[in-house]
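Coordinate inspection notes
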Amino acid sequence: MKLSDQFRFVRQNMKKNRTRVYMTILATAMGCAFLIVLASVGFGLQKSVVKEMTERRIMTQIDVYGQETTESGGYRQLDDKDVQEFEEMSDVKAVTRRKMLQQEGFYLIGNYQQSTQTVVANFPSEIKAGFELSAGSLAKDKAEVVVGYNFPLNLGVKGEQTEEMFDEQGQLKEKFRYNGKLIGETIELTVSKMEDGKKIEKVFPVKVAGISKKPTKEWAEDRSVYISEELLKDIEAFTGTPKGIVLDSTDQVNLADLEASKNTFDDVKVYAKNMEAVQGIVDELKENDYATYSVVNELKEVNLMFAIAKAGLIFIGTIAILIASIGIYNTMTMAVTERAPDIGIMKAIGANPRTIKRIFLLESSYIGLIGAFIGTVVSYGISYAVNFVIPIIIKQAFGEETPPEIVFSDIPLSLPIICIVICYGVTILSGLRPAQRATKVDVLRAMRREV
Amino acid sequence: MITIKHLSHEFVVGKKGKQTFIPVLKDISFEVKEGEIVTIVGRSGSGKSTLLNLVSGFIHPKEGEIWINGQKVSQMNETKFADFRIKNLGFIFQSFQLIPSMTAFQNVELPLILKGVSETVRKKQTEEMLAKVGLLDYQDHYPGELSGGQQQRVSIARALIVNPPIILADEPTGSLDSETEEDLLKFIKELNTDLGITFLIITHDEKVANIGHRTIELKDGRIIEGVLA
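One numbering rule holds for all chains: residues counted from 1, following each sequence as written. For this description, chains carry letters from A and ligands carry numbers from 1, given in the order in which they are written. Two thresholds apply to this predicted model, a pLDDT of at least 70 for residue-level local features and 80 or more for giving and counting side-chain atom pairs, whereas whole-chain, interface and lining totals are computed over all residues. Hydrogens and waters are ignored; side-chain quantities use all the structure's heavy atoms.

UniProt positions are given in the numbering used here, feature names are shortened, and annotations may be inferred rather than shown by experiment. Taking the numbering used here, the UniProt-annotated feature "domain: ABC3 transporter permease C-terminal" (unreviewed entry) corresponds to residues 314–441 of chain A. Each helix is a run of DSSP H or I of at least 4 residues and each strand a run of E of at least 2, with the numbering of both proceeding from the N terminus. The span residues 314–441 of chain A shows a helical share of 84% and a strand share of 0%, and its end C-alpha atoms are spaced 38 Å apart.

As structure tokens, this is what we get:
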């Protein structure tokens, strides 16, 4: 018997008991919609959390904080030797290392001033890692600097800053902000030190050679000033301390520690060639006792947690499909009982028991798949409605805006596929016994209408 | 064509442990040759229907062998017998055994569907067969809308549609009036003469028994007359 004829048979049989079949399809559709919508909450929350995490971090970035020392159990800061080791590792694209001036740099340009972070960066590695300029060029000598894209934002008029100078977001109002050009301008960096309880300041005039590119993340700001290693050495020579740290008295700190930190980096980041390589690099770093952090690691843990949660939700949803399967079992059993005389006649004239079984399995699959399809379509509608309505409800009830990145329900393609597979499996199982019963219909009893 | 060798059968009655065995057929042997019409007669309970059910493969014999068209069918499993049945056997039943929810056309077409014949060929053959039994105009009628004679003709058309070499008939005129009975017997004769179809007919009707080349009489599960041709 051809498959197309089997389908025709199934359709004919289903038409005979339309109401019963429709109700069974409805129950299956409800079960599927319940499963999808329930699990979609897990998928939605995962999407929100992952989006939040990945937006704040670069996926291929690995922060290396230090190396565990066997003697004291503490961590030592990283130096050139470590950086070189990282650069030699396979799948490493770049290793950026930064030293921070250990006092807030005070910058003055004309009548405008601001205090901001001063960074000593290794530009070749920064560029390899993706650092770009929006204007100008990199610093060529110690008298040149690169400023962050958002550097002018807090470059306000000299003197004490009052509340009225700032807007609602805490940003310096434009009329109080420096609006002139920066490239080629000289700014004065004032560094201080303490000597015999007195604050002594020194001005280092530097020229702005370039401005960094606007950060890709909307919320990110780069107000730093990037100075050269040579300039840092001049500052260290003035303060007499590593990285320009301001000390009231040298007795307060361990001199050996102070000396050890001289050539160490405050911020080391390893960039992998691609996301797949991150885990391998992290594992290798961990083997060598380096303390690391990567968003991929965190994502792995978050994804594992959500995978467990989603599996739980899908399991609960499957119970609804199992309940619907009782309906399919009932419908199919009644169909076999009602059609037993017809089955008997078909067997008598030469129908293969396998064909009869296949027809009944097809029928239960038909019910299951139509139900799953309807359930999927409905669940997409419910999911859309949930994402649309819940923020409104939250706003009405609590007066709070829902962050736009929060997704309450998300249906990835895999979810309907999982649902259809579960539904199909359950349908086949519930249709199997009635189908087997159909093959065992006794021809003689069926023809005597005794079944 | 059909060879029965030392066929015995018994029915089991009662629950497990308290079963009673009722012998129905006792050491039956006979042969039906190609192109023959053989009728089996006997009183009610003589075992003639059981014999036909054994030959049809609806039940399995306790002892003995059944050979049809050179194949031993008595030990065939259900699946194999189903394939064998659709190629070699046609059935005419006393109560017609048409599927009530199918039209005359669909009932006749059914064996071709089970055989996997394409729709175009099926349509042509079914219409030809319905024309042959004089029911082409009734092709869209459901069995409930046809007379007994018409239903039996649909049943015959369904049996003939796959061109079986053998037709097994169980009281084919049992539900028909005498006029329709005459027509049907004439038709069976024609089929035998024109197409060479072999018939094994179970009947208690003398008229039907007389159309056979040979009649075998059963009594208490044994053949008492007509084994030899």
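Next comes the rest of the account.
A word on the sheet that holds strand 4 (residues 63–68) of chain B. All names here are of chain B. Here, strands pair whenever DSSP counts at least two bridges between them. With respect to topology, four strands assemble into an open sheet ordered 2-1-4-5, the strand pairing being antiparallel. Each edge of the sheet is formed by a strand with only one pairing partner; in this case those strands are strand 2 (20–32) and strand 5 (71–72). The criterion used for residue contact is that any of the two residues' heavy atoms lie within 4.5 Å. Interaxial angle, 0 to 180 degrees, is taken between N-to-C directions of lines fitted to C-alpha atoms, where a helix line uses only the stretch in contact. The strands that helix 1 (residues 48–56) touches are strand 1 (2–13), strand 2 and strand 4; relative to strand 1, the one it contacts most, it runs at about 115°.

Note on soluble globular proteins: their nonpolar side chains tend to be buried together. Note on terminology: a nonpolar core comprises buried Ala, Val, Leu, Ile, Met, Phe, Trp, Tyr and Cys residues joined through side-chain atoms within 4.5 Å. Burial status follows relative accessibility: with a 1.4 Å probe on protein chains alone, a residue under 20% of its type maximum counts as buried, one over 50% as exposed, and anything between as partly exposed. Membership of the largest hydrophobic core comes to 67 residues, with the highest contact counts inside it found for A:Phe360, B:Ile2, B:Phe30, B:Ile68, B:Leu168 and B:Leu200. Excluding residues that lie within four positions of it along the chain, B:Leu168 makes contacts with B:Ile2, B:Leu52, B:Val55, B:Ser56, B:Leu89, B:Gly90, B:Phe91, B:Ile92 and B:Leu200. Counting 34 residues, the second largest nonpolar core, distinct from the first, contains B:Ile156, B:Ala157, B:Leu184 and B:Leu191.

This brings us to the pattern of salt bridges. The term salt bridge refers to a side-chain nitrogen of Lys or Arg lying within 4 Å of a carboxyl oxygen of Asp or Glu. Scanning the entire structure with this criterion turns up 26 salt bridges over all chains. Among the salt bridges present, the one from A:Arg8 reaches A:Asp5, with a minimum N-O distance of 3.7 Å. Taken together, the residues span about one helical turn, with A:Arg8 and A:Asp5 both in helix 1 (residues 3–16) at a distance of three residues. The class of A:Arg8 is partly exposed, set by a relative accessible area of 24%. Under the relative-accessibility criterion, A:Asp5 is labelled buried at 4%. Notably, a salt bridge pairs B:Glu127 with B:Lys123, separated by 3.0 Å at the nearest N-O pair. On the criterion of helical spacing, the pair formed by B:Glu127 and B:Lys123 is a turn pair, its members being four residues apart in helix 4 (residues 119–132). Looking at B:Glu127, the relative accessible area reads 26%, which means it is partly exposed. Overlapping salt bridges bring together A:Asp5, A:Arg8, B:Glu109 and B:Arg122 as one network.

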